[in-house]
Amino acid sequence: MGAFYSEYLSSSKVREHYNYTKETLDVQETASRQVASAFIVILCCAIVVENLLVLVAVGRNSKLHSAMYLFLGNLAASDLLAGVAFIANTLLSGSVTLRLTPVEWFAREGSAFITLSASVFSLLAIAIERHVAIAKVKLYGSDKSCRMLLLIGASWVISLVLGGLPILGWNCLGRLETCSTVLPLYAKQYVLCVVTIFSVILLAIVALYVRIYCVVRSSHADLAGPQTLALLKTVTIVLGVFIACWLPAFSILLLDYACPVRFCPVLYKAHYFFAFATLNSLLNPVIYTWRSRDLRREVLRPLQCWQRAARGAGRRDRTPGHRLLPLRNSSSLERGTHMPMSPTFLEDNTMV
C-alpha cells in the first residue's frame, strides 16, 4: 500500500500516462494556444465576478433569504468556485502538465470536478424547489432553514466524495490499459460512473420541469397567470442551456469510455467540450438574475453606486472651487417601505 501511494509523488508518472494515451506530447506554447488560454482566463474571471455579485446581493438583502434565493446563492457559490478552479486548471495545463506529480494532477482535475458537480447538484436542488413551489407542496416547516442547509451540505459532501475518489485510489496508476484518454490518470470506470450520475441528474431535472409544465398547463386560471407563465419560460431556458452546455461533454466522456486508446482522435480535443460546459456557470446567474426583478435590482445596485461615485468625482474635478453638498442618505427613506416578499417567484411580482 505504501509503495502504491508513493507513486503519487513521482514526477515521471504523469508523463508516462500521457505518453501512453496521447498521440504526441507536443505541448509547445504557440501563439494560438496562448490566445485561447487568455480568453478562457478572462471568461472565468467574468464567471467569478458575476457570481460574486449574486452572492453579495443575496447576503445583504433580507428579502432574498427565502428558500429559492438561498439555493440560488449556493448555485452562485459553486459556479464561482468552478470559475476559480478552471482558471487554475488552465494555468497548470500545457507544458506545465508534464511537470506535475500525480497528487498535483489529481488536485487540479479534482477541484474542477468538485465545483462543476456541485453546480449540477445545485441546479437539481433549484429544480426541486421550483417543483415544490408550483405544485403547492408544503415541504418546508418551521425547521426549513435546517432542511435547506442539510440539502446544500449534502450536495457539497457528495461533490467532494465524487471528485475525491481518484485521489483516494480509484485511478489507473500502475494499470495503463484501463486509463482514460481524456483524463489519462483516471480509470475509464470512474469516468463512466461520473457520466452516469450526471446523466441521471439531467433526467431528473428534465422530469421535474416536465412535471412543472404539466401542472401549469392543467391548472386553473388563477394559477396559470402571467407570473407562472414567466416562470415556465425561465425554467425552459434554464433546461435548454443546461442540456446545450453539458450534453457535448457527456458525449465525449462516453466516447472516451467506449474507444480503445488512440482510436478516436476527437478525444484529443476534449478540452474544448469542457470549456463549453463551463459556459453554464457563466449563463446561470444571467438567467436567474435577469428573470427576477428584486435580485436584478440588488445585483445592479453596486454598479449604480460606482457609477454615481464616478460622476460625483468628475463633477468635483470640473468645479474645484465649489463645494458640493452631501446627498441625503436615501436609506432612511427606504427603511420600512418594502412590502414583504413571498418565498417563491410564483406568489410575487418579481418575475418579468
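Residues numbered from 1 in each chain as written. Predicted model: local features only at pLDDT ≥ 70, side-chain atom pairs only at ≥ 80, totals over all residues. Heavy atoms only, no water.

Per an unreviewed UniProt entry, the chain goes by the name Sphingosine-1-phosphate receptor 2 and belongs to Chinchilla lanigera. Turning to the chain, the UniProt annotation filed under Sequence similarities (unreviewed entry) states: "Belongs to the G-protein coupled receptor 1 family." Regarding the chain, the UniProt comment filed under Subcellular location (unreviewed entry) reads as follows: "Cell membrane". (UniProt positions renumbered as here; feature names shortened; annotations may be inferred.)

Engineer: Mind showing me how you'd approach the overall build of the chain here?
Structural biologist: When its secondary structure is counted, the chain shows eleven helices and zero strands. Going residue by residue from the N terminus, the α and β elements of the chain occur as α-α-α-α-α-α-α-α-α-α-α. Within the chain, the proportion of its 352 residues that are buried is 46%. Taking the intrachain contacts of the chain between residues at least 6 apart in sequence as the baseline, contacts between residues at least 24 apart amount to 81%. Roughly 18100 Å² of accessible area belongs to the chain as shown, and the carbon and sulfur atoms make up 66% of that amount. (Helix = DSSP H or I, 4+ residues; strand = E, 2+ residues; numbered from the N terminus. Buried < 20%, exposed > 50% of the residue type's maximum accessible area, 1.4 Å probe, protein only. Contact = heavy atoms within 4.5 Å. Areas by Shrake-Rupley, 256 points an atom, 1.4 Å probe, with all protein chains shown as cover.)

Engineer: Would you take a moment to explain the side chain of Glu298 for this structure?
Structural biologist: Within the secondary structure, Glu298 is located in helix H10 (residues 293-318). The class for Glu298 is buried, based on a relative accessible area of 4%. Polar contacts involving the side chain of Glu298 include one to the side chain of Arg60, which spans 3.3 Å. Those residues in contact with Glu298, other than ones at most four positions away along the chain, are Ala57, Arg60, Asn61 and Leu64. (Polar contact = N/O pair within 3.5 Å; in protein donor to acceptor, adjacent residues only side chain to side chain.)

Engineer: Explain the pattern of salt bridges here, please?
Structural biologist: Any two side chains of opposite charge can pair if their charged atoms end up close together. One pass over the structure, following the stated rule, counts four salt bridges. The partner of Lys13 in a salt bridge is Glu16, and the shortest N-O contact between them spans 3.3 Å. Here Lys13 and its partner Glu16 are both found in helix H2 (residues 13-21), three residues apart, which amounts to about one turn of the helix. Of the residues examined, Lys13 reaches a relative accessible area of 13% and is grouped as buried. Residue class for Glu16 comes out partly exposed when judged on its relative accessible area of 33%. Overlapping salt bridges bring together Glu7, Lys13 and Glu16 as one network. (Salt bridge = Lys/Arg side-chain N within 4 Å of Asp/Glu carboxyl O.)

Engineer: Any chance you could explain the environment of Val238 here in plain terms?
Structural biologist: Secondary-structure assignment places Val238 in helix H8 (residues 226-258). A relative accessible area of 4% places Val238 in the buried class. Along the chain, Val238 and Leu123 lie 115 residues apart, while their C-alpha atoms are 9.1 Å from each other. For Val238, the residues in contact, after removing those within four places along its chain, are Leu123, Tyr209, Ile287 and Tyr288.

Engineer: What is the right way to look at helix H4 (residues 67-91) in this model?
Structural biologist: Three- or four-residue spacings in an α-helix give side chains the same orientation, since the helix completes a turn every 3.6 residues. Counted at 1.5 Å a residue, the expected span for H4 with its 25 residues is 36 Å, and the 37 Å between its end C-alpha atoms agrees. Counted residue by residue, H4 has 19 buried out of 25 residues, so it is predominantly covered. (Expected span 1.5 Å × (residues − 1).)

Engineer: Got a minute to help me understand the state of the cysteines in this structure?
Structural biologist: Two cysteines joined by a covalent bond between their sulfur atoms form a disulfide. If you walk through the whole model with that rule in mind, you get two disulfides. The disulfide partner of Cys172 is Cys179, and the gap between their sulfur atoms is 2.1 Å. The sign of the 105 degrees torsion about the S-S bond sets the Cys172-Cys179 disulfide as right-handed. Note on Cys179: relative accessible area 0%, which makes it buried. When the cysteines of the chain that form disulfides are numbered from the N-terminus onward, they connect as 1-2, 3-4. Cys45 forms no disulfide, and the closest cysteine sulfur to it belongs to Cys44, at a distance of 7.2 Å. Looking at Cys45, the relative accessible area reads 37%, which means it is partly exposed. (Disulfide = S-S within 2.5 Å.)

Engineer: What exactly am I supposed to notice about the side chain of Thr97 here?
Structural biologist: Mapping Thr97 onto the fold places it in the loop between H4 and helix H5 (102-135). Thr97 gets classed as buried once you look at its relative accessible area, which sits at 5%. Look past the residues within four positions of Thr97 in its chain and what remains in contact with it is Val14, Tyr18, Leu92, Trp105 and Arg108.

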